[in-house]
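Letter by letter, the chains look like this.
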Amino acid sequence: MKIIGSLLLLLIIGCATHSEPDWFGNQPKSNGYWFGIGMVEKPLQGGECREKAINLALSEISSQISVEMSASFERIVTENNLSFEDFSQSIIKTRVEKNLPNVEYVDYYDSKEKCGMLARLSQSIYYETIALQRRNAIQTSIGLLEQAESNFSFQTFSYLSEAMSEIMPYLDIPIEEEYPVGSENRVNIHRYIKVLANQSMNRLSLDPNQKDLEVKRGFTKEIQLSMRVKDNKNDIPMESIPIMCYMVDNVDHALSLSDSDGRCIFSIPQIKEKKSIQYVNYEVDQDGLINNLEMFGNLSNVQAQTILKVISPRIHIKIIEKNLDNITNNPYVQPIFSEFFSHHYSASFSDSDDADLLINGIVNTRSLSDMPNEYGIYQVFGDLTISISNGISGEEIMSKSYNQIQGSDFNSNREAANQSLKKISIKITEDFLPEILSVIEGL
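All of these numbers come straight from a predicted model, not from anything done at the bench. (Residues numbered from 1 in each chain as written. Predicted model: local features only at pLDDT ≥ 70, side-chain atom pairs only at ≥ 80, totals over all residues. Heavy atoms only, no water.)

Please clarify how the state of the cysteines should be interpreted in this entry.
Two cysteines, two sulfur atoms, one covalent bond between them: this is a disulfide. Applying the stated criterion across every chain, the model contains one disulfide. Disulfide pairing is shown between C49 and C115; the S-S distance is 2.0 Å. Between C49 and C115, the S-S torsion sits near -105 degrees, and that sign places the bridge as left-handed. Placement of the pair is C49 in helix 2 (residues 46-66) and C115 in strand 3 (residues 114-122), with a sequence separation of 66 residues. Residue C245 stays outside any disulfide, its sulfur separated by 9.5 Å from that of C264, the closest cysteine. Taking relative accessible area as the criterion, C245 reaches 1% and is therefore assigned buried. We classify C264 as buried; its relative accessible area is 0%. (Disulfide = S-S within 2.5 Å. Helix = DSSP H or I, 4+ residues; strand = E, 2+ residues; numbered from the N terminus. Buried < 20%, exposed > 50% of the residue type's maximum accessible area, 1.4 Å probe, protein only.)

Mind showing me how you'd approach the confidence of the model for the chain here?
Should pLDDT be low for a region, the predicted coordinates there are not to be read in detail. Across the chain, the average pLDDT comes to 87, with 89% of residues at or above 70. Helix 1 (residues 2-14) is the least confidently modelled element of the chain, averaging 47 in pLDDT, while strand 6 (residues 204-208) averages 97, the highest of any element. Per-residue pLDDT stays below 50 along residues 1-5; that stretch engages in three contacts with residues further than four places along the chain or on separate chains. The low-confidence segment residues 7-17, where pLDDT is below 50, has 16 contacts with residues more than four positions distant or belonging to other chains. (pLDDT = per-residue confidence, 0-100. Contact = heavy atoms within 4.5 Å.)

Teacher, can you tell me more about the side chain of Q133 here?
By the secondary structure assignment, Q133 is in helix 5 (residues 123-150). When its relative accessible area of 18% is taken as the criterion, Q133 is described as buried. The residues contacting Q133, other than those within four sequence positions of it, are K98 and Y170.

How should the packing of helix 5 against helix 7 (residues 189-202) be read in this particular structure?
Axes are the key here: two packed helices are described by the angle between their axes and the distance separating the axes. At a minimum axis separation of 12 Å, helix 5 and helix 7 run at an interaxial angle of 20 degrees. One way to sum up the angle between helix 5 and helix 7 is to call them roughly parallel. Note that helix 5 runs across helix 7; the crossing there is left-handed. Where helix 5 abuts helix 7, its residues S141, I142, L145 and E149 lie against I189, Y192, I193 and L196. When its residues are assigned to classes, the contact of helix 5 with helix 7 shows six nonpolar, one polar and one charged. (Axes fitted to C-alpha atoms, helices over the stretch in contact; angles between N-to-C directions. Parallel < 35°, antiparallel > 145°, perpendicular 65-115°, else oblique. Left-handed = near helix turned anticlockwise from the far one by under 90°. Nonpolar A, V, L, I, M, F, W, Y, C, P; charged D, E, K, R; others polar.)

Would you explain the pattern of salt bridges in this entry?
Close approach of charged atoms lets side chains of opposite charge pair. Enumeration over the complete set of coordinates arrives at 12 salt bridges. Between D110 and K42 there is a salt bridge, with its nearest N and O atoms 2.7 Å apart. Of this pair, D110 sits in strand 2 (residues 103-110) while K42 sits in the loop between strand 1 (33-41) and helix 2; the two residues are 68 residues apart in sequence, bridging distant segments of the chain. Both residues of the pair, D110 and K42, count as buried. Here R366 makes a salt bridge to D383, at a shortest N to O gap of 3.1 Å. Of the two residues, R366 is situated in strand 18 (residues 357-367) and D383 in strand 19 (residues 378-390); the sequence distance between them amounts to 17 residues. R366 gets classed as partly exposed once you look at its relative accessible area, which sits at 32%. (Salt bridge = Lys/Arg side-chain N within 4 Å of Asp/Glu carboxyl O.)

Dropping the structure here:
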């Protein structure tokens, strides 16, 4: 009824334009009320101006309520390493929203230049409303706690998250309640939820199937890592627990939910470092498991590892290089591939084709004439065909051809041919080798 009356008041006063009221310059004061004034300069029109004025008035009431926040609330927030300003504003916003039906819109002013709203909230009604909501929230939170402790599963963490969310807006006063109900044992509900969350987290354990694994750098696509989440108290699998998998930095991680057997399957993360011993890390994703994680303090990290012994691939490179149809003793192309695989994969090289990768190619340069053209320039064109195959399966992984790469020189075909080979080398470095990186990593 109060809301309808307020709306009718707005409709009536919203249609009238009268002289600027006293409260524009002097905020009313009355024991037992918080007042808020919202003034908006036009060109905002009609309902848009009124709506903004209402929001500003409510914001002013909120700022006065914030002064009422007790030191105990600030202590609770600070001990959880939260921003008191951000968190308190969030709680105040929630409280004001829950008290919107109790806000009275006392007066509204509208002119060509501005509009304004005067609103007030009864302090006694506000505190009565908060007390009732606090009692309901505590009872709900206790019910959720009972569910969390009745059967340990992934839902335990959901119940704890909900239990914490219920009491969060009311932590300005310590919540001391009988728990378990009927036990005559009084506990601090906020602390109890935090302790129970930590105990529940410590019940989880991660068990990788592969404790140690030997892999070849760049040949990990088909290898899968498996690990199991279980309740270490009862040794039973835990379903729907979010697990992160990463090598070095968990910012770049894969994520999986454990299945009904508690199992998660991961591909090996990209190996970016050159160390021979590296580690795949598994970790419970606390953010994915618990909402409002910041309110639970520092929970125990549940982690496990697989040790990777990273060995270098063996590479067989056979590139026939002809310069003007003659086998060259100083090849241009083969050293580029050797350096690339040595740098990126710490590869070893084999003269036999019993290797992990087989690189075969033909390079040749040809001249148009033994004489320079009419401008005195010798012209030579180079061609390259190269293929890379999986030495284990024999499957061709990728191939590339460059044709008619021109080299020019004023002195001789030989130097022109060298220029052509240099251009081919640049193309390999800039175009082909970056492709190899992505392809080899996916093997």
